[in-house]
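Structure at a glance
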Amino acid sequence: MIALISLLFLSHALADYVLQTNRIYRFKTRSLWGGVLHASIFAIVAILLTWPLAQSFPVFLLWVFLTTASHVVIDHFKLKLDRTLVPIAFVFFCLDQFLHLLILLTVMWVAMPGYEPVLQSNFIYECLRHYDATLSWTVFVKSGFILGLCIYVAYAVEILLFYYDRSVDSNLRLLRYAYGRMGVRMITVILLTTPLWSLSFGILIFRYFWDKWRLVYDQRRFAIEHGFTLAILLGYIILERRFF
């Protein structure tokens, strides 16, 4: 089951961040159809990353449809609250993500007896094995989970910081990604999965003193970025020891 959840988590990370352009986000704020388009991207990515599961188990396809519908509803109400309660919009972002991830976990209760061999015939996995026959299913699943985690720690933290900045400066309207800082956070996660894992925490400590010396952040902004990043790193350590 951890394999399926990992691939769905990667689908969510790709659809909610990488594939949600500013144009799609603006469309989503203007019309419910924008939300439908955004949620449909998740559905397409989830089906592609887990194919041929949807072909073999129609109940999984139904689950994807219901999850997509819930995504539209959750985002719709989040956007409404964002417009009316700007100072605490970042709280709604956290709640929005919590609900999306919680709903992904409901796949554990979808009745799909004997689905594992079908999932392991995943066409992406088979394509990769064409180039590297030694690639194991466990490594493939773990790599997908790590990729999703990298995307999450890069983009979600950046959006959290944007919401915090907007609560301080109400004139702030446009999200601009700080790709340098995003890259450092992704490197921090990748290092955590290697024998050099201790460097991850070394980077966090270095950035703490570096940011403090440069006076880049106020204390709340600093706590949001580094606290959220640290929480993700600790969460990975727990999940890695339990499932991988």
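Since we're looking at a predicted model, the values are computed, not measured.

Things to note about the pattern of salt bridges
Across all of its chains, the model carries two salt bridges by this definition. Linking Lys-28 and Asp-75 is a salt bridge whose minimum nitrogen-to-oxygen distance equals 3.3 Å. With Lys-28 in helix H2 (residues 22-30) and Asp-75 in helix H5 (residues 58-84), the pair connects residues that are 47 residues apart, well separated along the chain. Considered together, Lys-28 and Asp-75 belong to a single accessibility category, that of buried residues. Glu-158 serves as the salt-bridge partner of Arg-185, at 2.7 Å between the closest nitrogen and oxygen. Of this pair, Arg-185 sits in helix H10 (residues 179-192) while Glu-158 sits in helix H9 (residues 137-168); the two residues are 27 residues apart in sequence, bridging distant segments of the chain. Here Arg-185 matches Glu-158 in class, with each residue buried.

Describing the environment of Leu-79
Among the secondary structure elements, Leu-79 is positioned in helix H5. For the pair formed by Leu-79 and Asp-96, sequence separation is 17 residues and the distance between their alpha carbons is 10.0 Å.

Quick look at the packing of helix H1 (residues 2-18) against helix H3 (residues 32-50)
Two elements in contact, H1 and H3, have axes separated by 9 Å at closest approach and are oriented at 145°. Both H1 and H3 take part in a crossing whose hand is right-handed. Of H3, the residues touching H1 (which contributes Leu-4, Leu-7, Leu-8, Leu-10, Ser-11, His-12, Leu-14, Ala-15 and Asp-16) are His-38, Ile-41, Phe-42, Val-45, Ala-46, Leu-49 and Thr-50.

Description of a nonpolar patch on the surface
Together, Met-1, Leu-95, Phe-98, Leu-99, Leu-102, Leu-105, Met-108 and Trp-109 line one region of the surface with nonpolar side chains, adding up to about 780 Å² of accessible area. Along the chain, Leu-95 falls in helix H6 (residues 89-104). For Leu-95, a relative accessible area of 44% translates into the label partly exposed.

Considerations on the environment of Gln-20
Mapped onto the elements, Gln-20 comes out in the loop between H1 and H2. Judged by relative accessible area, Gln-20 falls into the buried class, the value being 14%. Along the sequence, Gln-20 and His-38 sit 18 residues apart, while their C-alpha atoms lie 6.8 Å from each other. Once residues within four sequence positions are removed from consideration, Gln-20 is found in contact with Ala-15, Tyr-25, Lys-28 and His-38. Separated by 2.7 Å, the side chain of Gln-20 and the backbone oxygen of Asp-16 make a polar contact.

Some words on the packing of H1 against H9
Interaxial distance between H1 and H9 falls to 8 Å at its minimum, and their mutual angle equals 30°. As H1 runs across H9, the sense of the crossing is left-handed. Of the residues that constitute the contact of H1 with H9, the class distribution is 20 nonpolar, four polar and no charged.

Brief notes about unusual backbone geometry
With the exception of glycine, the majority of residues adopt a negative phi angle, and the majority of peptide bonds are in the trans configuration. Residue Trp-51 is joined to Pro-52 through a cis peptide bond whose omega torsion reads 20°. Looking at the secondary structure, you find Pro-52 in the loop between H3 and helix H4 (53-56).

Section: the nonpolar core
Ranked by internal contacts, the top residues of the largest apolar core, which has 61 residues, are Leu-4, Leu-53 and Phe-60. Once residues lying within four places of it in the same chain are set aside, the contact partners of Phe-60 are Leu-4, Leu-8, Thr-50, Leu-53, Ala-54, Val-107 and Met-112.

Thoughts on H10
With 14 residues, H10 extends 20 Å between its outermost C-alpha atoms, agreeing within 8% with the 20 Å of an ideal straight helix rising 1.5 Å per residue. Turning to H10, its buried residues number three or more, namely Arg-181, Met-182, Arg-185, Thr-188, Val-189, Leu-191 and Leu-192.

Topic: the packing of aromatic side chains
Applying the stated criterion across every chain yields a total of eight aromatic pairs. The interplanar angle of 15° and the centroid separation of 5.8 Å between the aromatic rings of Phe-60 and Trp-63 together place this pair among those described as stacked. With Phe-60 and Trp-63 both in helix H5 and three residues apart, the pair spans about one turn of that helix. Exposure class is identical for Phe-60 and Trp-63. Each is buried. Ring centres of Tyr-125 and Trp-137 lie 5.1 Å apart, and the angle between their planes is 75°; on these two criteria the pair is classed as edge-to-face. With Tyr-125 in helix H8 (residues 123-131) and Trp-137 in helix H9, this residue pair connects regions lying 12 residues apart in the sequence.

Side note on H1
Look at H1: 23 Å from first C-alpha to last across 17 residues, which is about the 24 Å you get at 1.5 Å a residue. For H1, a buried count of 14 out of 17 residues is recorded, marking the element as mostly surrounded by other parts of the structure.

How each quantity is defined
Residues numbered from 1 in each chain as written. Predicted model: local features only at pLDDT ≥ 70, side-chain atom pairs only at ≥ 80, totals over all residues. Heavy atoms only, no water. Salt bridge = Lys/Arg side-chain N within 4 Å of Asp/Glu carboxyl O. Helix = DSSP H or I, 4+ residues; strand = E, 2+ residues; numbered from the N terminus. Buried < 20%, exposed > 50% of the residue type's maximum accessible area, 1.4 Å probe, protein only. Axes fitted to C-alpha atoms, helices over the stretch in contact; angles between N-to-C directions. Left-handed = near helix turned anticlockwise from the far one by under 90°. Contact = heavy atoms within 4.5 Å. Patch = residues over 30% accessible without salt bridge, like charges linked within 9 Å, V, L, I, M, F, W, Y side chains within 5 Å. Areas by Shrake-Rupley, 256 points an atom, 1.4 Å probe, with all protein chains shown as cover. Polar contact = N/O pair within 3.5 Å; in protein donor to acceptor, adjacent residues only side chain to side chain. Nonpolar A, V, L, I, M, F, W, Y, C, P; charged D, E, K, R; others polar. Core = buried A, V, L, I, M, F, W, Y, C linked by side-chain atoms within 4.5 Å. Expected span 1.5 Å × (residues − 1). Phe/Tyr/Trp six-rings, centres within 6.5 Å; stacked < 30°, edge-to-face > 60°.

So yeah, pure geometry; function would need other evidence.
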